[in-house]
2 protein chains.
Amino acid sequence: MTFPEVERWGVHDVVLEGPAAGNPFADVVLTARFQHLNRVVEVAGFYDGDGTYRIRFSPDREGHWRFVTSSNVPALDSRRGEFVCVAPGPGNHGPVRVVDRYHFSYADGTRYLPVGTTCYHWTHQMDEEHEESTLRSLARSPFTKVRMCVLPTGGMRPPALAFECDTPGKLDKTRFNPRFFAHLERRIADLCALGIVADVILLHPYDKGVWGVDDMTPEQDRYYLRYVVARLAAFRNVWWSMANEYDFNTNKTVADWDALLRYLQRLDPYARLRSIHNGTRMYEWAAVYDFTKPWLTHQSIQHWDATQVGQWREACAKPVVIDEICYEGDIERRWGNISGREMTRRFWLGTVAGGYVGHGECFVDSAYGRWVSRGGVLSGESPARIAFLRRILEEGPADWSRARQVGTYWLEYLGDRQPAFHSVELPDGGDYAIDVIDTWEMTVTPYGGRHRGHCRVPVGRTDLALRVKKVTG
Amino acid sequence: MTFPEVERWGVHDVVLEGPAAGNPFADVVLTARFQHLNRVVEVAGFYDGDGTYRIRFSPDREGHWRFVTSSNVPALDSRRGEFVCVAPGPGNHGPVRVVDRYHFSYADGTRYLPVGTTCYHWTHQMDEEHEESTLRSLARSPFTKVRMCVLPTGGMRPPALAFECDTPGKLDKTRFNPRFFAHLERRIADLCALGIVADVILLHPYDKGVWGVDDMTPEQDRYYLRYVVARLAAFRNVWWSMANEYDFNTNKTVADWDALLRYLQRLDPYARLRSIHNGTRMYEWAAVYDFTKPWLTHQSIQHWDATQVGQWREACAKPVVIDEICYEGDIERRWGNISGREMTRRFWLGTVAGGYVGHGECFVDSAYGRWVSRGGVLSGESPARIAFLRRILEEGPADWSRARQVGTYWLEYLGDRQPAFHSVELPDGGDYAIDVIDTWEMTVTPYGGRHRGHCRVPVGRTDLALRVKKVTG
């Protein structure tokens, strides 16, 4: 007997035929229990239109798996099947997990560096050529994470939406649009193939009363979450962002967000990374969502000031990801007109402080729309420098914040400072090599040979960093 | 009968001969009552060495003045004299006063713009050539105020000090050194001739246990203040800074500073401007000296963040003078290595927010010593830009913060932002002219002719400001 083969952390769809009458999204309950040895994972299925039902599963162990469905519809109930989970293919390192409190790793132990960018609605116009162009841009870019929305803004009139749209301009929130989701899933899979995380934004406050998707009832929100999780959670590159700028949504309280996040946590069989993103300035730590709440895996911060990373790390022992730090660009809005140099400085500041900084770009004369909204082509000056920073990080030890503690490797960033000399204190007991890194010109220049003790390194201009490595014990 | 002539706000010394034996600084009490019509000003005299006593007075009204002394020494008691106060000479606008809550003006109504710099000990080495060089630098510079210390640091070995130094390295705090003060006074008069305020720093915490001048007893402090005020207060360009980085002095409490400031207020017959300068970061307003205390005339702030000017103005209705905002330079210490561009940005940020920013410079390879310590020659890139900013301010209305309120004149500063267009909202009821100011390249480019309503000005690069002026009513 031959079983289907699925690679570890890949996606396996069990496809079943069932009723198309009525409202199958609401009427049909379908789940499956997948089992490998003594490991059992229960997964919800979903209606995919035209009488087709799918149960989407991502196995995390190699070997033989079997499953059995259960449903309130006889045709879908007690259906059984088997498949074999084989070794992951090239480039498949599994999903990302938090490690060492403040960092990330793929399931196979490979280090994951979140180098984020934002293209909120790059998939919504369903413009193949444009989306391929975005994917080409991403493939050439340093970015390993893209923030992207499931729901439209009030200003958009896309060809398909997450919900059915029978009456023009009016959504039927009891029925989903499988065509929309199939398209979205294909793009998430494309990102996966590029090694890029899809940081999926589930809700946002930009509806302006048009589609009615930012003031749904708790029941509607849960209905929506169940469907999205059933369809998307199996993709190993998915992270959940419960909301963008949650605090700009006046229809929900923090208690509502708590309830939704906890519900999401229960729904998701894979425990994908999970956070929520603030909109207001965080003058006070207390003013933002409390990232120490156990259902959040990391801090998804909006703030312009990367120098605060240390204090956010102290306040909460979870990775600090500044998903929005202002965008490189030239629009009028204050959040969208910093220079490439300033963006580069913020990346270095946040990184050296032990956080992860995200990029965005919005130029007035973008041909198709702004990168942060639509994707397309990158034209700023920062992506090349961010790529250079990523290269520097990848050349360093996986856990360089620990390396710093033990005095074997560290980066010092001088930013807008221009000291003639910068003193480096080298711990006793070894020789050190020091490189002078020009973060803007993207050069690495070794300083002398080996050093000990108090070392004064000539600097004399701005935008430099030092890389210090122990070379003998 | 011919009387001596003194110009209004000038300095008139009444010179008397008296005892030289014992310790005249401590033993002799000498004061004088100066009278013009019904105006009486009581002034303390001082011993100037070699049996000479002086009573130094600056008349503030034109006309006939007479005086009578009183003393515990018969030779100095009940001495009488007269003089005539004549109109001020060219360039003599009188002392500076606070006007319009947040601004300054000379006594004759001429606007005073404090454009500060710092040369803490430029007079202490008594090196004529170097001091003349400093004065030439200041004359060519945009600066209208210099922060300078009376007392030495622990690291200095100057040829003369404020106190006598009988035993090498050990001060006699009961006796002052008239030669030191005569030299200091000459330099204060030189600054006065250049139209520059001497922001005289009375105490500082840099003694390091060497001279013992930062841990004097309250009685010693008062003895010192009496002598300094008797000698220096008559110079119309003197401001008092009770202490530099007062909070780094662990020998004194805030209550001690209060007492000293109130004592100074009582001593000074001219009510020269009076403040105290903090050293620590002002994370919280509460963490610094409370500038609302009535014996302070202005806020003398150390802080790196000029964007906080608005909140300091709200917290305290007195002028905001950021006397230290980091120095342009290339030394290792964090406070001394910002670039000229960054210094320029901080000047503009603070100015447009309604504050006054001070300059300082410290480059490693300064020939004689660093500008902030010794004066000498300016080599940074910011002074030319600060001069340009000063020119822009001088071209504006005297009270441009009020002009802003009534919509007739304002500056908008874009700093590190680079919007393609910047929107200016012009109030109804008039035409406006707009200039685009390049704060770094020091150019002013008119944008179009006249404008009304919502006006989008092309920008597209960093370091620009806009000047908006109403041209018709």
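For the structure itself, consult the block above.
Residues numbered from 1 in each chain as written. Chains lettered and ligands numbered in written order. Predicted model: local features only at pLDDT ≥ 70, side-chain atom pairs only at ≥ 80, totals over all residues. Heavy atoms only, no water.

Right, let's get into the overall build of chain A. Looking only at helices and strands, one finds ten helices and 28 strands in chain A. At 24 Å, chain A has a C-alpha radius of gyration in line with the 23 Å of a compact globule built from 473 residues. Based on the C-alpha atoms only, the size of chain A along its principal axes is roughly 75 × 55 × 45 Å. Long-range pairs, those at least 24 residues apart, make up 68% of the contacts in chain A with a sequence separation of at least 6. Here chain A has roughly 18900 Å² of accessible surface; of this, 49% comes from carbon and sulfur atoms. When the 57 positive and 60 negative side-chain charges of chain A are each reduced to one mean point, those points stand 3 Å apart. (Helix = DSSP H or I, 4+ residues; strand = E, 2+ residues; numbered from the N terminus. Rg over C-alpha atoms; globule rule 2.2 N^0.38 Å. Contact = heavy atoms within 4.5 Å. Areas by Shrake-Rupley, 256 points an atom, 1.4 Å probe, with all protein chains shown as cover. Lys, Arg positive; Asp, Glu negative; His and termini not counted. Charge placed at Lys NZ, Arg CZ, Asp CG, Glu CD.)

The next subject is the relation of the copies chain B and chain A. Of the two same-sequence chains, chain B is brought onto chain A (RMSD 0.1 Å, axial shift 0.1 Å) by a rotation of 180 degrees. Both chain copies can therefore be described as sitting about a two-fold axis. (Least-squares fit on C-alpha atoms with pLDDT ≥ 70 in both.)

A few words now on the sheet that holds strand S4 (residues 39–44) of chain B. The pairing of strands in a sheet happens through backbone hydrogen bonds and is either parallel or antiparallel. Residue and element names in this part refer to chain B. Spatially, the five strands line up as an open sheet ordered S1-S8-S7-S3-S4, and their pairing is mixed. With one partner strand each, in any of the chains shown, strand S1 (5–7) and S4 form the two edges of the open sheet. Neighbour to neighbour, the strand axes of the sheet diverge by 30 degrees on average, direction disregarded. For strand S7 (residues 63–71) and strand S8 (residues 80–86), the ladder comprises six bridges, and the chain directions are antiparallel. Bridged to His64 within S8 is Val84. (Pairing = 2+ DSSP bridges. Axes fitted to C-alpha atoms, helices over the stretch in contact; angles between N-to-C directions.)

Further remarks concern the sheet that holds strand S6 (residues 52–57) of chain B. Residues and elements named next belong to chain B. An order of S2-S6-S5 is seen for the three strands of this open sheet, with the pairing classed as antiparallel. Strand pairing shows two members of the sheet lacking a second neighbour, strand S2 (12–17) and strand S5 (46–47), which therefore form its edges. The pairing of S2 with S6 spans six bridges and is antiparallel. Looking at S6, one finds that Leu16 is bridged to Tyr53.

Take the environment of A:Val84 next. Residue and element names in this part refer to chain A. Here Val84 is to be found in strand S8 (residues 80–86). Measuring from C-alpha to C-alpha, the distance between Val84 and Thr408 comes to 44 Å, with 324 residues separating the pair along the chain. When neighbours within four sequence positions are excluded, Val84 is seen to be in contact with Phe3, Pro4, Glu5, Val6, Gly63 and His64.

Once that is clear, we can look at the interface of chain B and chain A. Listed by partner, the interface residues are 26 residues for chain B and 26 residues for chain A. Roughly 1800 Å² of surface becomes buried between chain B and chain A when both sides are summed, with 39% attributable to carbon and sulfur atoms. The three residues of chain B that bury the most area against chain A are B:Glu332, B:Arg417 and B:Gln418, which together make up 39% of that side's buried surface. Between chain B and chain A we count two salt bridges in total. Close ionic contact of B:Glu332 with A:Arg456 constitutes a salt bridge, the shortest N to O distance being 3.1 Å. The interface formed by chain B and chain A contains 16 residue pairs in polar contact (both at pLDDT 80 or more). (Buried area = accessible area lost by both parts, 1.4 Å probe. Salt bridge = Lys/Arg side-chain N within 4 Å of Asp/Glu carboxyl O. Polar contact = N/O pair within 3.5 Å; in protein donor to acceptor, adjacent residues only side chain to side chain.)

Let us now look at helix H9 (residues 382–395) of chain A. At 3.6 residues per turn, the α-helix brings residues three or four places apart onto the same side. For H9(A), which comprises 14 residues, the first-to-last C-alpha distance of 20 Å matches the rise-based estimate of 20 Å (1.5 Å per residue) to within 8%. When we look at burial in H9(A), the residues that qualify are A:Ser382, A:Pro383, A:Arg385, A:Ile386, A:Phe388, A:Leu389, A:Ile392 and A:Leu393. (Expected span 1.5 Å × (residues − 1). Buried < 20%, exposed > 50% of the residue type's maximum accessible area, 1.4 Å probe, protein only.)

A few words on the packing of aromatic side chains. What describes a pair of aromatic rings is the distance from one ring centre to the other and the angle between the planes of the rings. Tallied over the entire structure, the rule returns 56 aromatic pairs over all chains. Aromatic pair B:Phe46 and B:Tyr227: ring centres 5.9 Å apart, planes at 80 degrees, arrangement edge-to-face. Highlighted residues: B:Phe46 in strand S5 and B:Tyr227 in helix H4 (residues 218–232), separated in sequence by 181 residues. For the pair B:Phe46 and B:Tyr227, a shared accessibility class is recorded, and that class is buried. On the numbers, 6.3 Å between centres and 75 degrees between planes, the contact of B:Phe176 with B:Phe181 is edge-to-face. Here the two residues B:Phe176 and B:Phe181 agree in accessibility, since each one is buried. Three or more aromatic residues joined by ring pairs make a cluster, and in this case those are A:Phe25, A:Phe46, A:Tyr47, A:Tyr53, A:Phe163, A:Phe176, A:Phe180, A:Phe181, A:Tyr223, A:Tyr224 and A:Tyr227. Between A:Arg385 and the ring centre of A:Trp440, over which it is positioned, the NZ or CZ distance is 3.7 Å. Above the plane of the ring of B:Trp257 lies B:Lys252, whose end atom (NZ or CZ) is 5.7 Å from the centre. (Phe/Tyr/Trp six-rings, centres within 6.5 Å; stacked < 30°, edge-to-face > 60°. Lys NZ or Arg CZ within 6 Å of the ring centre and 35° of its normal.)

Attention now goes to the pattern of salt bridges. Residue and element names in this part refer to chain A. Across all of its chains, the model carries 58 salt bridges over all chains by this definition. The residue Arg391 makes a salt bridge to Glu395 at a minimum N-O spacing of 2.9 Å. Of this pair, Arg391 and Glu395 are both found in helix H9, four residues apart, which corresponds to roughly one turn of the helix. Three or more residues are tied together by salt bridges with common partners; here these are Asp13, Asp48, Arg54, Arg56, Glu185 and Arg231.

Another point: the side chain of B:Asn249. All names here are of chain B. With respect to the helices and strands, the residue Asn249 is situated in the loop between strand S16 (238–243) and helix H5 (254–267). Overall, the relative accessible area of 7% leaves Asn249 in the buried class. Only 2.7 Å separates the side chain of Asn249 from the backbone nitrogen of Asn251, close enough to count as a polar contact. Among the polar contacts made by the side chain of Asn249, one reaches the main-chain amide nitrogen of Lys252 at a distance of 3.5 Å. Excluding residues within four positions of it along the chain, Asn249 makes contact with Pro205, Asp214 and Trp257.

Residue and element names in this part refer to chain B. As a packed pair, helix H3 (residues 178–193) and H4 sit with axes 11 Å apart at the nearest point and diverge in direction by 45 degrees. The angle between the axes of H3 and H4 places the two elements in the oblique class. When you trace H3 past H4, the crossing you get is right-handed. In this structure, H3 uses Pro178, Phe181, Ala182, Leu184, Glu185 and Ile188 to contact H4, whose residues at the interface are Tyr227, Val228, Arg231 and Leu232. Here the residues of the contact of H3 with H4 sort into eight nonpolar, no polar and two charged. (Parallel < 35°, antiparallel > 145°, perpendicular 65-115°, else oblique. Left-handed = near helix turned anticlockwise from the far one by under 90°. Nonpolar A, V, L, I, M, F, W, Y, C, P; charged D, E, K, R; others polar.)

Right, let's get into unusual backbone geometry. At A:Asp50, a position not held by glycine, the phi torsion is positive, near 55 degrees. Within the element layout of this structure, A:Asp50 appears in the loop between strand S5 (46–47) and strand S6 (52–57). Of note, B:Ala271 is a non-glycine position whose phi angle comes to about 50 degrees, a positive value. Mapped onto the elements of the fold, B:Ala271 is located in the loop between H5 and strand S17 (274–275).

Keep in mind these values describe shape, not function.
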